[in-house]
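# Fold and contact review
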Amino acid sequence: MERRVYELLDSYRGELTETLQRWIRVPSVKGESAEGAPFGKEVRRMLDTAMEDARRMGFPVRDFDGYACDITLGDAEEKIAVLGHLDVVPVGDGWTRPPFDAVMEGTRMYGRGTNDDKGPSLAALYAMRAIREAGIPLKKSIRMILGCDEESGWEDMEWYAAHTDMPETGFSPDASFPVINTEKGMIHLLLRGKDAEGGVRVLEMATGDRPNVIPGESTALLEGGEELAEKIRAWGEKTGLPFTAEVTEKGVQVTATGIPGHSAYPEGRRNAIGMMLCLLRELGAEGTVRTLAEAVGMEQDGKSLGCACRDDVSGELTCNMGILHLKDGEWTGTLDFRCPVTADQEALKNTAIAHLPGIEVEVLELKEPHHVPADGWLVSRLLAAYEEETALKGEAIATGGGTYAKILKQGVAFGALFPDEEDLAHQADEYTDIDRLMTAARIYANALIRLAAE
Ligand SMILES: [Zn+2]
């Protein structure tokens, strides 16, 4: 890549850091929809902020009714797409820094969205700016599309595709380097079941607010006194699982402490709802709770649901219960499956349903798997850019995380997390390292030049 591009990118570092701080300070969690703000006013404010910054950089920007925006470099008919998003998941438990202050510690910036996905999106935007200011002639135009509903229903991209042309080729800076060319299929199920008499009685429980988050803590209020609390503590000791039980005026307050994470990457995590289900079964719970404890419990591979499977391109199926609430005598929960590319999603869904007798199951969302050849035009160029900028060996890998990449015919996920970095997407103390983000910006510039200028 030309020296001029490196110099320009270096000169943006301070501005990129400041801009990212402003972006992080907008808590763009999905909220109640309003006119022109389909995902709530904070998401709208984030979209306005990003559009204003892109305009100030000199790019033409279009607003798609608060669903998404696009930012274009060049006017060639053929396009390369960069798909990022401006919404973030809710804060969740366990933060030791303020989640929306964008606090700097050395070169690290802490905050929800620093890594997923405001930081990487901004790195790609500055890469576009460097290409423009360096005056590199492009044969294809580059179109960045920033969506506002990636963490929920992807309504943003549906709206976008319905109102303009969707490019066919490109990448999404919303996962990890080197290149993710295989994305598992996804199934979200909504479960409903009656609360049963008998055994232990749950008075209150409401854990989780997203299917795709592994809850790090679950609390429940149970009917009973000191004897029950003792039983719970003893079971915690026996299993080595961290439970606390406190006798209050209303009953026994139980807390299960898991290890939070993203549903697509359950390795080393522990689902607090799963812990609570196993405890409740141990205490004699019947009906829905017992069924869920037996069919799911603390498993992450869907084994007792009859769904465990794997293939060589994508690895194993994963399964997560992100939500479990009790309200007016009814339990409501969700299951999030990430399925290998070769698996039959319809059959998996039916198998899961067959293993949940007495529970009403509704399909909330079903996303097909996505695969782009590792030796094709797109992946080989991205890997070349990655290798040139990092001197690391590039390879194409699979993920259970779904990114916007699958919206494109030829789309892959590309950065911005490096292989040796901790993935804190959707977790407490999410951060980005500005040094790494600048490297990502260089990789994006290099890649975009290979894709659009050659
Ligand atoms: Zn993301």
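Residues numbered from 1 in each chain as written. Predicted model: local features only at pLDDT ≥ 70, side-chain atom pairs only at ≥ 80, totals over all residues.

## Some thoughts on the overall build of the protein chain
Helix and strand counts for the protein chain come out as 10 helices and 26 strands. For the protein chain, the C-alpha radius of gyration of 23 Å lies close to 22 Å, the compact-globule estimate for 454 residues. Here the C-alpha coordinates of the protein chain stretch approximately 75 × 45 × 45 Å along the principal axes. Taking as baseline every contact in the protein chain between residues at least 6 positions apart, the subset at least 24 positions apart corresponds to 74%. (Helix = DSSP H or I, 4+ residues; strand = E, 2+ residues; numbered from the N terminus. Rg over C-alpha atoms; globule rule 2.2 N^0.38 Å. Contact = placed C-beta atoms within 7 Å.)

## Quick look at the environment of alanine 196
With respect to the helices and strands, the residue alanine 196 is situated in the loop between β10 (185–194) and β11 (202–207). Of the residues examined, alanine 196 has 17 C-beta atoms within 10 Å and is grouped as partly exposed. Apart from the residues within four sequence positions on either side, alanine 196 is in contact with Glu286, Gly287 and Thr288. (Buried ≥ 20, exposed ≤ 12 C-beta atoms within 10 Å, placed from the backbone.)

## Overview of the packing of helix α9 (residues 377–390) against helix α10 (residues 434–452)
The N-to-C vectors of α9 and α10 enclose an angle of 140°; their axes lie 8 Å apart at closest approach. Viewed along their axes, α9 and α10 adopt a mutual orientation that is oblique. Regarding α9 and α10, the two cross each other, and that crossing is right-handed. Here α9 contributes Arg381, Leu382, Ala384, Ala385, Tyr386, Glu388, Glu389 and Thr390 to the contact with α10, which in turn contributes Thr439, Arg442, Ile443, Asn446, Ala447, Arg450 and Leu451. The class makeup of the residues in the contact of α9 with α10 is 7 nonpolar, 3 polar and 5 charged. (Axes fitted to C-alpha atoms, helices over the stretch in contact; angles between N-to-C directions. Parallel < 35°, antiparallel > 145°, perpendicular 65-115°, else oblique. Left-handed = near helix turned anticlockwise from the far one by under 90°. Nonpolar A, V, L, I, M, F, W, Y, C, P; charged D, E, K, R; others polar.)

## Describing helix α6 (residues 272–282)
The buried fraction of α6 amounts to 9 of the 11 residues, a majority that puts the element mostly inside the structure. Residues Ala272, Ile273, Gly274, Met275, Met276, Leu277, Cys278, Leu279 and Leu280 constitute the buried set of α6. Within two residues after α6, glycine 284 carries a phi angle of roughly 100°, on the positive side.

## Some remarks on the packing of helix α1 (residues 3–24) against helix α2 (residues 41–56)
Two elements in contact, α1 and α2, have axes whose closest approach is 10 Å; the angle formed by their N-to-C orientations is 160°. The orientation of α1 relative to α2 falls into the category roughly antiparallel. Handedness of the crossing formed by α1 with α2: right-handed. Listed contacts from α2 to Thr19, Arg22 and Trp23 of α1 are Met46, Thr49, Ala50 and Asp53. For the contact of α1 with α2, the per-class residue count stands at 3 nonpolar, 2 polar and 2 charged.

## Side note on the domain arrangement of the protein chain
Considered domain by domain, the protein chain is made up of domain 1 (3–183 + 370–452) and domain 2 (186–367). The centre of domain 1, based on its C-alpha atoms, is set 33 Å off from the matching centre of domain 2. Listed per partner, the contact involves 17 residues of domain 1 and 18 residues of domain 2. Classifying every residue of the side of domain 1 that touches domain 2 by side-chain character gives 5 nonpolar, 10 polar and 2 charged. (Domains from an automatic or database assignment.)

## Quick look at the sheet that holds strand β4 (residues 104–105)
Taken together, 3 strands build an open sheet; the order of strands is β4-β5-β26 and the sheet is antiparallel. Of all the strands in the sheet, just β4 and β26 (431–433) have a single pairing partner and so form its edges. Pairing of strand β5 (residues 108–110) with β26 involves 3 bridges; the strand directions are antiparallel. Paired with tyrosine 110 across the bridge in β26 is tyrosine 431. Seen against the sheet, α10 touches β5 and β26 and runs at an angle of roughly 70° to β26. (Pairing = 2+ DSSP bridges.)

## Section: the nonpolar core
Counting residues in hydrophobic clusters, the biggest one holds 84 residues, and the most contacted among them are Ala127, Leu382, Val412, Ala445 and Leu448. Take this core: its biggest share by element is 12 residues, from α10. With near-sequence residues (within four places) excluded, alanine 445 lies in contact with Met1, Val5, Leu9, Ala127, Ala130 and Ile131. Of all hydrophobic cores here, the second largest spans 47 residues; its members include Val254, Met276, Leu277 and Phe337. (Core = buried A, V, L, I, M, F, W, Y, C linked by C-beta atoms within 7 Å.)

## What about unusual backbone geometry?
Here the amide bond leading from aspartate 116 into aspartate 117 is cis, since omega sits at 10°, within 30 degrees of zero. By the element assignment, aspartate 117 lies in the loop between β5 and α3 (118–133). Omega for the peptide link from phenylalanine 177 to proline 178 comes to 0°, which places this bond in the cis form. Following the sequence through the fold, proline 178 ends up in the loop between β8 (175–176) and β9 (179–183). In this model, alanine 102 sits at a positive phi of 55°, which is unusual for a non-glycine residue. Its identity as a non-glycine residue notwithstanding, histidine 426 has a phi of 70°, on the positive side. In this structure, histidine 426 sits in the loop between β25 (416–417) and β26.

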